[in-house]
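This is what each chain is made of:
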Amino acid sequence: MNRAALPLLLSRLAVPACALVVGVAAQAMTLRELHALETQDKKNGKAYASYYLVGVMEGLREASSAALRSGQKPPFCVEGRRLEPAMARSLFQTELTRHADIYEADMPVQLVMANALGNSYRCTQ
């Protein structure tokens, strides 16, 4: 193969590969899938689920900060209050417990976490 053709070949392969990764990453984990993750892997399942919840919380926090920076009303405001990664599971579980009649197994984890953050960190301004 010609070395000059290699960058062109890689760039042609990179676009479909990136589209595939973005398509897979866009699928949200459901409550049912999170519960299955916790129970199926006896040794690390709960830890993996907790890591996922922390990632969801951090993503939502960044989205809220981005909305604030762009002049939009953020969905929740930390405003100097404590919000740490270790709090992700308790926020999530509290929201599920408080509103057990609302959430169904096929709803995304992100929805529950977004509602938990919105209820716990209401904007005062």
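The structure under discussion appears in the preceding block.
K.L.:
Can you tell me about the overall build of the protein chain, naming the residues and giving the values?
P.N.:
The helix and strand tally for the protein chain stands at five helices and zero strands. Along the chain direction, N to C, the helices and strands of the protein chain fall in the order α-α-α-α-α. In the protein chain, buried positions account for 26% of the 125 residues. Taking the contacts inside the protein chain whose residues are at least 6 apart along the sequence as the reference set, 67% of them involve residues at least 24 apart. For the protein chain, the accessible area works out to roughly 8,700 Å², and carbon and sulfur atoms hold 60% of it.

K.L.:
For the environment of Pro 74, give the residues involved together with the corresponding values.
P.N.:
Topologically, Pro 74 is positioned in the loop between α3 (45-69) and α4 (88-98). Distance in space between the C-alpha atoms of Pro 74 and Arg 61 is 9.5 Å, their sequence separation being 13 residues. Those residues within four positions of Pro 74 in sequence are excluded, and the remaining contacts are Ser 64, Ala 67, Leu 68 and Cys 123.

K.L.:
Describe the state of the cysteines, and please don't skip the residues or the numbers.
P.N.:
Within this structure, the stated rule accounts for one disulfide. Paired through a disulfide, Cys 77 and Cys 123 show a sulfur-sulfur distance of 1.9 Å. In this structure the cystine formed by Cys 77 and Cys 123 twists about its S-S bond by roughly 85°; its chirality is therefore right-handed. Taken as a pair, Cys 77 in the loop between α3 and α4 and Cys 123 in the segment after α5 (109-120) lie far apart in primary sequence, 46 residues in all.

K.L.:
Can you break down the pattern of salt bridges residue by residue, with the values?
P.N.:
For the coordinates displayed, the defined rule picks out five salt bridges. As a salt-bridge pair, Arg 69 and Glu 62 come within 2.8 Å of each other at their nearest N and O atoms. Here Arg 69 falls in the exposed class, since its relative accessible area comes to 61%. Here Arg 82 and Glu 84 are joined by a salt bridge, their closest N and O atoms 3.2 Å apart.

K.L.:
Could you give me a rundown of the side chain of Ser 64, with the residues and numbers involved?
P.N.:
Counting through the fold element by element, Ser 64 comes out in helix α3. Apart from residues no more than four positions distant in its own chain, Ser 64 is found in contact with Pro 74, Pro 75 and Phe 76.

K.L.:
So what about unusual backbone geometry? Which residues, and what values?
P.N.:
Note on backbone geometry: most residues besides glycine have negative phi, and most peptide bonds are trans. In this structure, Glu 79 takes a positive phi of about 45° despite not being glycine. A residue is classified by how much of its surface remains accessible, and Glu 79, at 39% relative accessible area, is partly exposed.

K.L.:
An account of the side chain of Glu 95 is needed here, citing residue identities and associated values.
P.N.:
With respect to the secondary-structure elements, Glu 95 resides in helix α4. Despite its burial, Glu 95 remains without a salt bridge, the nearest opposite charge being carried by Arg 98 at 5.0 Å. Not counting chain neighbours up to four residues away, the residues in contact with Glu 95 comprise Tyr 103, Val 112, Asn 115, Ala 116 and Asn 119.

K.L.:
Tell me about the nonpolar core, and name the residues and values.
P.N.:
Counting 23 residues, the largest nonpolar core has Leu 83, Leu 91, Phe 92, Met 113 and Leu 117 as its most contacted members. At the level of elements, α2 (31-40), α3, α4 and α5 are the ones that each hand at least two residues to this core. Ranked by residue count, the leading element in this core is α3, at six residues. Excluding its chain neighbours within four sequence positions, the residues that come into contact with Leu 117 are Met 57, Leu 60, Phe 76, Leu 83 and Leu 91.

About the cut-offs
Residues numbered from 1 in each chain as written. Predicted model: local features only at pLDDT ≥ 70, side-chain atom pairs only at ≥ 80, totals over all residues. Heavy atoms only, no water. Helix = DSSP H or I, 4+ residues; strand = E, 2+ residues; numbered from the N terminus. Buried < 20%, exposed > 50% of the residue type's maximum accessible area, 1.4 Å probe, protein only. Contact = heavy atoms within 4.5 Å. Areas by Shrake-Rupley, 256 points an atom, 1.4 Å probe, with all protein chains shown as cover. Disulfide = S-S within 2.5 Å. Salt bridge = Lys/Arg side-chain N within 4 Å of Asp/Glu carboxyl O. Lys, Arg positive; Asp, Glu negative; His and termini not counted. Core = buried A, V, L, I, M, F, W, Y, C linked by side-chain atoms within 4.5 Å.

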